[in-house]
Amino acid sequence: MHPFLDAPLPLAIAHRGGSVDGIENTLASFARAIEAGYRYLETDARLTADGELVAFHDPDLDRVIGSADRIGELTWHELSQLRVGGREPVPRLAEVLKTFPDARLLIDPKCDEAVDPLVATLRDHHALDRVCVGSFSDRRLRRVRAALGDDVCTSMGPVEALRLRLAAARLLPRGLVPGASACVQLPVRYGPITFAQRRVIDTAHDHGLQVHVWTVNDRETMARLLDLGVDGIITDEITLLRDVLRERDQWHDR
C-alpha cells in the first residue's frame, strides 16, 4: 500500500479545504479543516503566466474572486494582490505543502501546463509519500506516472474509471481493469451512469483499490455510501461529515 493510503478507514477528505462559505483552496480553508481534525485535503493546481504553480480550481477568477481574468494570463505578482472571497490570498502549492507538513493532499492538475511544475514541486518538497494525484485527464495522469512511477499515488482517470464500471456490470472482463492506480475517486453518478454502487465498490476492492467518492455534502448520501463500504468521502461540509462519522464511531482524528 502506498503511504498516502496507509491510514484508518474511512478517509475524511476536505474538498478544497471545505468550501461552503466561498473560501476555498486557501491557507485559511486548509487550516480550518486541519483544526477540525482532518488530515486529508483535496486541492487543485494551475499555472500563472510566469510559471508559478498555485492552488486554484477554476480557469478564471470570476466565481471566487469576481474578476474576469484568467489564471494563465496573470503573473504571480498580479494574482497575489487579489483575494478569494474578498479576504484570502491565493497560495502557491509549495506554500500549502510547507504550511501543512503532516497533511496528505489529493492534487488535481487542472491544465496540461501544470503537470511538469507539479512533478518538480513534489520532488523538491519530498512530498511523494503524502500526495495522491488525480485528474479528469488520462493523458495528464500518464505523464505523472511516467515521471514519478510508483513513488507517487495516483487515482484512476476517467477512462480507467469507466472500465471499472463496465467490469462491475460484467460488460468487460475483470482482468482488463487498469492496474496502474492505487485508488479510484468517483462521483456518485455522472450523467446517466451511477458509479457509487456496491458492485463497483466490490470490483474495485477485488483489485486492491480504495474507493473515494466526491463531492458529498448531505447526511443521507454520506451514510448510504458508508453502508456500501466506500473507503473515503470528499466533502465541502467538513463539520457534517465529521459528525456523521463520529455517530458511527468511524471518525479518526488526525
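Source: prediction; values computed, not measured.

**Re the pairing of strand β11 (residues 232-235)**
Side chains Gly232 and Ile234 of β11 all project onto a buried face; the interleaved residues Ile233 and Thr235 project onto the opposite face, where all are buried too. In this structure, strand β1 (residues 11-15) lies alongside β11, joined through four bridges in parallel fashion. Within the sheet, the bridge partner assigned to Leu11 lies in β11 and is Gly232. When strand β10 (residues 210-214) meets β11, the two strands line up parallel, connected through two bridges. By the bridge assignment, His212 is partnered in β11 with Gly232. Note on the crossover from β10 through helix α9 (residues 219-228) to β11: the handedness is right-handed.

**So, the pairing of strand β2 (residues 40-47)**
Burial of β2 is extensive: eight of the eight residues sit out of reach of the surface. Residues of β2 alternate between two faces, with Tyr40, Glu42, Asp44 and Arg46 on one and Leu41, Thr43, Ala45 and Leu47 on the opposite face, all of them buried. Of the pairings in the sheet, the one linking β1 to β2 comprises three bridges and is parallel in character. Paired with Ala14 across the two strands is Leu41, which belongs to β2. Read as a crossover between parallel neighbours, the route from β1 over helix α1 (residues 27-35) to β2 is right-handed.

**A closer look at the nonpolar core**
The biggest cluster of nonpolar side chains holds 62 residues, and the ones touching the most others in it are Tyr38 and Leu122. The leading source of residues in this core is helix α10 (residues 238-247), at five residues. For Leu122, the contacting residues outside a window of four places in its chain are Leu97, Ile107, Ala127, Leu128, Val131, Val133 and Leu148. Membership of the second largest hydrophobic core comes to 12 residues, among which are Val54, Ile71, Leu74 and Trp76.

Rules and cut-offs
Residues numbered from 1 in each chain as written. Predicted model: local features only at pLDDT ≥ 70, side-chain atom pairs only at ≥ 80, totals over all residues. Heavy atoms only, no water. Buried < 20%, exposed > 50% of the residue type's maximum accessible area, 1.4 Å probe, protein only. Helix = DSSP H or I, 4+ residues; strand = E, 2+ residues; numbered from the N terminus. Pairing = 2+ DSSP bridges. Right-handed = clockwise from strand over helix to strand, strands pointing away. Core = buried A, V, L, I, M, F, W, Y, C linked by side-chain atoms within 4.5 Å. Contact = heavy atoms within 4.5 Å.

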